[in-house]
Amino acid sequence: MQLTAAVINAGLGDLSLGLERAGFQVVAAYEMEEKAVKIHQFNLETPVYKMPVQLLDLLQSDDLD
């Protein structure tokens, strides 16, 4: 069985790389910073997307408690 993961706030790809080396298939990564997205895309085959601000606002909301 293949373990899968999605990474939020992916940064430069260190978490994606670590998950892949641990045997996970990273199906998507999301990042706010455009430069980080480009570096992640250059270094890894994981699909990485620019995370919309609305999603970030939801993730930081106090309403989730």
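Each chain has its residues counted from 1, following the order in which its sequence is written. Selection of residues for local features in this predicted model requires a pLDDT of at least 70, selection of side-chain atom pairs for listing and counting requires 80 or more, and totals for whole chains, interfaces and linings are taken over all residues. Just so you know, side-chain values use all the structure's heavy atoms and leave hydrogens and water out.

(A) Quick look at the sheet that holds strand S1 (residues 3-8). Taking strand neighbours across the sheet as the criterion, the three strands line up as S1-S2-S3 in an open arrangement whose pairing is parallel. Strand pairing shows two members of the sheet lacking a second neighbour, S1 and strand S3 (48-50), which therefore form its edges. Direction aside, the axes of adjacent strands within the sheet are offset by 15 degrees on average. In short, DSSP must find at least two bridges between two strands for them to pair. Where helices and strands are cited, they refer to DSSP runs of H or I of at least four residues and of E of at least two residues respectively, numbered from the N terminus. Bridge count for strand S2 (residues 24-31) against S3 is three bridges, and the pairing is parallel. The residue bridging Glu-31 from the neighbouring strand is Lys-50, located in S3. Working rule for contacts: check all heavy atoms of both residues, and any pair within 4.5 Å makes them a contact. Axis definition: a line fit to C-alpha positions, over the contact stretch in the case of helices; interaxial angles, taken between N-to-C directions, run 0 to 180 degrees. Helix-sheet contacts for helix H2 (residues 34-43) involve S2 and S3, and the interaxial angle to S3 is about 165 degrees.

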